[in-house]
Amino acid sequence: MKLYCLSGHPTLPCNVLKFKSTTIMLDCGLDTTSVLNFLPLPLVHRISPRLSKLPGWVSKDGSLNLEKELKECAGRVFVDSQPEFCLPERELLDLSTIDVILISNYHCMMALPYITEHTGFTGTVYATEPTLQIGRLLMEELVNFMERVPKAQSATCWKNKEIQRMLPGPLKDAVDVWTWKRCYSMQEVNSALSKVQLVGYSQKVELFGAVQVSPLSSGYSLGSSNWVIQSHHEKVSYVSGSSLLTTHPQPMDQSSLKNSDVLILTGLTQMPTANPDGMLGEFCSNLAMTIRAGGNVLVPCYSSGVIYDLLECLYQFIDSANLGTTPFYFISPVANSSLEFSQIFAEWLCHNKQTKVYLPEPPFPHAELIQTNKLKHYPSIHGDFSSEFRQPCVVFTGHPSLRFGDVVHFMELWGKSSLNTVIFTEPDFSYLDALAPYQPLAMKCVYCPIDTRLNFHQVSKLLKEVQPLHVVCPEQYTQPPLTQSHRSDLMLELQPPPMPYRRCSVLNLPFRRRYERVYILPELANSLVPSEVKPGVSVATVSAVLQSKDNKHTLQSVPKAPPVAPSKKRKRVMEEPPVTMAPKPLLSGAVPLEAFLATLQKHGITEVKVEETADGHILHLQAEDTLIQLEEDGTHIVCDNNEPLRATLRDLVLRFLQKL
């Protein structure tokens with residue numbers, strides 16, 4: 001069993017498992033942190049002329065001039081081109097050989113069009129319905145952000161290895177820049193998602209008769225799953241993006257992960273020291289403080305996920321903080337769909353929210369915020385929003401990287417006033433790197449990362465309960481963070497130690513297949529004659545034909561040779577059907593030493609020297625110059641040129657053994 005690791009990002013995994021003649025891709029996350037190296041895409045150039053007037057970069061000695069590709073801002077250098085993404089590794093193995101792709105949550109499927117449309121992939125993708133639908137929204141939003149602000153030029157010179165080495169950091173340290181790609185198109189998205197087959201929690205899907213795969217609730221987001229991949233005798237669990245906190249999704253199914261031979265662990269929290277409840281409290285208090293002071297609040301966020309919890313928290317907070325008249329705006333090309341989808345996937349929600357559906361009430365309170373006009377949603381800043389917009393207000397919009405989307409407009413619009421605040425809630429991006437192209441910045445910045453995924457304490461407790469034989473995880477989890485090297489509690493400490501992986505590594509999993517299930521046809525089973533070898537254990541010999549088809553193995557009766565039809569013509573050589581020889585009987589039991597010596601004595605063999613060995617005994621018949629080796633799994637008679645004696649000794653040994 002092999003594991004190919006195609007992504008170095010621990011929370012955006014992409015691994016390929018080869019298990020029992022099947023090739024299974026586990027997630028295909030898209031590493032979007034690469035976009036932090038690019039300049040933001042402004043929606044309205046009139047509002048943000050600053051970005052177009054940034055000076056080009058020239059090396060200090062003047063030997064390198066990349067003014068058209070690179071721009072300098074507040075001591076940092078950025079690529080002036082359409083943002084590009086770091087794809088999963090595509091050279092480590094032939095991706096056209098992948099049979100299935102298992103998706104754990106909608107954040108971990110963003111690279112799907114790159115895999116299904118450009119590698120010769122002909123397999124099937126399995127995901128839950130919320131994962132598919134919300135994943136579609138996130139992809140659609142990403143495509144929309146890119147296509148509405150197209151950039152004609154494409155920067156490639158800076159990617160030259162010799163040139164990249166001379167660039168200032170962090171561009172100098174960016175890895176695999178030649179593999180970075182621009183965003184896919186909506187046509188590619190639709191084609192990729194047409195290959196998705198929907199599954200429900202605990203539904204068993206058989207792959208080519210070799211293995212069964214089954215999704216389990218992971219408790220992280222709507223429809224998020226862990227996967228169990230098992231054959232008749234082996235079990236692999238894939239844990240990705242799981243949460244034990246009580247939020248809106250169905251709670252995590254832990255019991256089904258027990259008795260795993262191998263557990264592949266990815267997608268732990270990116271903020272192990274930040275308590276989500278504490279961060280929510282900080283978010284609300286900073287928001288209220290800014291509004292009371294007459295400022296605006298900008299929340300860069302994804303269009304699904306944490307935003308549902310933020311709106312629910314604000315619903316309870318608005319009246320107590322006297323924010324009843326403050327408008328809340330949610331701006332995204334898919335804002336309406338996202339808010340509606342969250343209300344219709346009732347069976348994927350926690351029990352508390354499911355019961356509301358039968359009252360009937362909307363599971364999420366943002367429905368009431370919309371009805372009372374406290375929350376308004378718009379596809380973009382153009383159109384209705386521009387006429388209805390009033391300040392001070394709170395705006396939720398994307399993208400959290402601050403490189404594209406409507407958030408760029410608000411950063412330029414509000415960045416010059418210290419009354420305004422930008423509150424970062426998504427943990428995927430370093431907020432300092434996200435803000436770099438907007439410096440110098442007057443607006444206040446608050447970092448409240450809300451990550452509900454498992455932390456190291458929770459995952460250690462989980463692993464003690466489910467007790468897998470082996471754990472495989474990203475190497476980042478086997479050592480403390482670089483900035484907190486003394487914190488041994490921020491890493492996985494297990495016995496035996498986990499097997500770490502990094503991008504482009506290939507692991508041979510410590511997993512030997514020892515058994516295979518074989519079926520026997522009823523008529524063949526009926527012909528068997530079992531012999532009891534010890535109490536409760538019977539054995540029978542069988543002569544059969546083994547048929548293997550679709551990874552299922554069946555013992556069938558040996559076909560009888562067809563009778564030869566009489567022929568008028570005489571043949572010189574008669575072709576005879578192959579003769580099936582009766583199998584030799586198998587022997588069972590052990591030869592007891594004292595009883596065997598007594599039997600030899602009765603037959604006139606008295607001079608016997610007994611020598612004890614590690615495996616049994618050696619009997620030296622001195623007068624006959626013969627050796628008998630009595631071992632646990634066999635008996636050997638060494639007798640030169642005395643066939644009658646050898647036959648006699650063999651018969652004496654057989655007296656103590658049982659024929660099967």
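Residues numbered from 1 in each chain as written. Predicted model: local features only at pLDDT ≥ 70, side-chain atom pairs only at ≥ 80, totals over all residues. Heavy atoms only, no water.

- Under an unreviewed UniProt entry, the chain has the name Integrator complex subunit 9 and belongs to Poecilia formosa.

## A word on the overall build of the chain
Logical step 1: Counting secondary structure elements, the chain contains 17 helices and 34 strands.
Logical step 2: Over its C-alpha atoms the chain spans a radius of gyration of 35 Å, topping by over 25% the 26 Å that the globule rule assigns to 660 residues.
Logical step 3: In terms of principal-axis extent, the alpha carbons of the chain reach across some 115 × 70 × 70 Å.
Logical step 4: Within the span of the chain, comprising 660 residues, buried residues form 51% of the whole.
Logical step 5: Of the accessible surface of the chain, which amounts to about 32300 Å², a share of 51% is contributed by carbon and sulfur atoms.
Logical step 6: Of the charged side chains in the chain, 59 are positive and 65 negative; the average position of the first set lies 4 Å away from that of the second. (Helix = DSSP H or I, 4+ residues; strand = E, 2+ residues; numbered from the N terminus. Rg over C-alpha atoms; globule rule 2.2 N^0.38 Å. Buried < 20%, exposed > 50% of the residue type's maximum accessible area, 1.4 Å probe, protein only. Areas by Shrake-Rupley, 256 points an atom, 1.4 Å probe, with all protein chains shown as cover. Lys, Arg positive; Asp, Glu negative; His and termini not counted. Charge placed at Lys NZ, Arg CZ, Asp CG, Glu CD.)

## What about the side chain of T116?
Logical step 1: Structurally, T116 is set in helix α2 (residues 112–118).
Logical step 2: Residue contacts for T116: discarding those within four places in its chain leaves I101, F121, V125, A192 and K195. (Contact = heavy atoms within 4.5 Å.)

## A look at the UniProt feature "domain: Beta-Casp" (unreviewed entry) in the chain
Logical step 1: Within this structure's numbering, the places UniProt gives as "domain: Beta-Casp" (unreviewed entry) are residues 307–435.
Logical step 2: Spanning residues 307–435, this segment combines 40% helix with 12% strand, and its end C-alpha atoms are found 21 Å apart. (UniProt positions renumbered as here; feature names shortened; annotations may be inferred.)

## What to know about the environment of C504
Logical step 1: Structurally, the position occupied by C504 is in the loop between β22 (499–501) and β23 (506–508).
Logical step 2: Along the sequence, C504 and K560 sit 56 residues apart, while their C-alpha atoms lie 54 Å from each other.
Logical step 3: C504 has contacts with C5, E89 and L92, leaving out every residue within four places of it along the chain.

## Some remarks on the pattern of salt bridges
Logical step 1: All chains considered together, the criterion is met by 17 salt bridges.
Logical step 2: When the shortest N-O distance is used, the salt bridge between K195 and E117 registers 3.1 Å. Taken together, the positions of K195 in the loop between α5 (186–193) and β9 (196–198) and E117 in helix α2 put the pair 78 residues apart, joining distant regions of the chain.
Logical step 3: K195 gets classed as partly exposed once you look at its relative accessible area, which sits at 22%.
Logical step 4: Put simply, E475 and R502 hold a salt bridge, and the shortest N to O gap is 3.1 Å. Of this pair, E475 sits in the loop between β21 (470–474) and β22 while R502 sits in the loop between β22 and β23, and the two are 27 residues apart along the sequence.
Logical step 5: Overlapping salt bridges bring together E89, D176 and R503 as one network. (Salt bridge = Lys/Arg side-chain N within 4 Å of Asp/Glu carboxyl O.)

## Details of empty space enclosed by the protein
Logical step 1: Per the counting criterion, the structure on display carries five cavities of 30 Å³ or more.
Logical step 2: Taken as a whole, the largest cavity holds about 220 Å³ of empty space.
Logical step 3: Lining the largest cavity are 21 residues; nearest its centre among them are H107, Y220, V306, E426 and R453.
Logical step 4: Taken together, the residues that form the lining of the largest cavity break down as seven nonpolar, nine polar and five charged. (1 Å grid on protein atoms, 1.4 Å probe; cavity = no way out; pocket = protein on both sides within 12 Å on 5 of 7 lines; lining within 4 Å. Points joined across faces, edges and corners; volume = space filled by probe spheres on them. Nonpolar A, V, L, I, M, F, W, Y, C, P; charged D, E, K, R; others polar.)

## Let's talk about the packing of aromatic side chains
Logical step 1: What the rule picks out here adds up to 20 aromatic pairs.
Logical step 2: Ring geometry for Y329 against Y378: centres 6.1 Å apart, planes inclined by 55°, an arrangement best described as tilted. Here Y329 is found in strand β16 (residues 328–331), whereas its partner Y378 is found in strand β17 (residues 375–378), with 49 residues between them in sequence.
Logical step 3: On the basis of relative accessibility, which here comes to 1%, the residue Y329 falls in the buried class.
Logical step 4: When the ring centre of F364 is taken as origin, the NZ or CZ atom of K353, which lies over that ring, is 4.9 Å away. (Phe/Tyr/Trp six-rings, centres within 6.5 Å; stacked < 30°, edge-to-face > 60°. Lys NZ or Arg CZ within 6 Å of the ring centre and 35° of its normal.)

## Points about unusual backbone geometry
Logical step 1: For the peptide bond that leads from Q391 to P392, omega is -5°, which places it in the cis range.
Logical step 2: Relative to the assigned elements, P392 resides in the loop between α11 (384–388) and β18 (394–397).
Logical step 3: Note the cis peptide between Q439 and P440, where omega equals -5°.
Logical step 4: You will see that F208, though not glycine, has its phi angle at about 55°, which is positive.
Logical step 5: Take F208: it is sitting in the loop between β10 (205–207) and β11 (211–217).
Logical step 6: Judged by relative accessible area, F208 falls into the partly exposed class, the value being 47%.
Logical step 7: Even without being a glycine, N641 presents a positive backbone phi close to 55°.
Logical step 8: Its place among the elements puts N641 in the loop between β33 (634–638) and α17 (643–654).

## Some thoughts on the domain arrangement of the chain
Logical step 1: One can read the domain layout of the chain as domain 1 (2–269 + 453–508), domain 2 (276–447) and domain 3 (587–659).
Logical step 2: Here the C-alpha centroids of domain 1 and domain 2 sit 25 Å apart.
Logical step 3: Taken over both partners, the interface formed by domain 1 and domain 2 buries close to 3900 Å², and the fraction arising from carbon and sulfur atoms is 69%.
Logical step 4: Put simply, domain 1 and domain 2 have three salt bridges between them.
Logical step 5: Applying the counting rule to domain 1 against domain 2 returns 13 residue pairs in polar contact (both at pLDDT 80 or more).
Logical step 6: Elements represented by at least two residues in the side of domain 1 that touches domain 2 include exactly α1 (49–52), β6 (76–79) and α3 (129–147). (Domains from an automatic or database assignment. Buried area = accessible area lost by both parts, 1.4 Å probe. Polar contact = N/O pair within 3.5 Å; in protein donor to acceptor, adjacent residues only side chain to side chain.)

## What about the sheet that holds β6?
Backbone hydrogen bonds hold the strands of a sheet together, and the pairing may be parallel or antiparallel.
Logical step 1: Read from one edge of the open sheet, three strands run β4-β5-β6, paired in antiparallel fashion. Two strands in the sheet have a free side with no partner beyond their single neighbour: β4 (56–58) and β6. Averaged over neighbouring strand pairs, the angle between their axes works out to 60° when direction is ignored. (Pairing = 2+ DSSP bridges. Axes fitted to C-alpha atoms, helices over the stretch in contact; angles between N-to-C directions.)

## Section: the sheet that holds strand β7 (residues 100–102)
Logical step 1: As summarised here, the arrangement of the seven strands in space is β9-β8-β7-β3-β2-β1-β23, forming an open sheet in which the pairing is mixed. Here the strands that pair on one side only, and so sit at the sheet edges, are β9 and β23. Averaged over all neighbouring strand pairs, the angle between strand axes comes to 25°, with direction disregarded.
Logical step 2: Where strand β1 (residues 2–5) lies against strand β2 (residues 15–19), four bridges are found, and the strand directions are antiparallel. The residue bridging Y4 from the neighbouring strand is V16, located in β2.

## Examining the packing of α3 against α5
Logical step 1: Interhelical geometry of α3 versus α5 gives an angle of 165° and a closest axis separation of 10 Å. The orientation of α3 relative to α5 falls into the category roughly antiparallel. For the pair α3 and α5, the sense of crossing is right-handed. Residue-level contacts link L132, R136, M139, E140, V143 and E147 of α3 to M186, V189, N190 and L193 of α5.
Logical step 2: Residues of the contact of α3 with α5, tallied by class, amount to six nonpolar, one polar and three charged. (Parallel < 35°, antiparallel > 145°, perpendicular 65-115°, else oblique. Left-handed = near helix turned anticlockwise from the far one by under 90°.)

## Details of the layout of surface pockets
To locate leftover empty space, one rolls a probe as large as a water molecule over the atoms.
Logical step 1: When its volume is computed, the largest pocket comes out at roughly 1600 Å³.
Logical step 2: Residue lining of the largest pocket: 47 residues in total, with G8, H9, P10, Q270 and Q476 positioned closest to the centre.
Logical step 3: The class makeup of the residues in the lining of the largest pocket is 22 nonpolar, 16 polar and nine charged.
Logical step 4: Taken as a whole, the second largest pocket holds about 410 Å³ of empty space.
Logical step 5: Lining of the second largest pocket is provided by 22 residues; of these, V591, G634, T635, V653 and L657 occupy positions nearest its centre.

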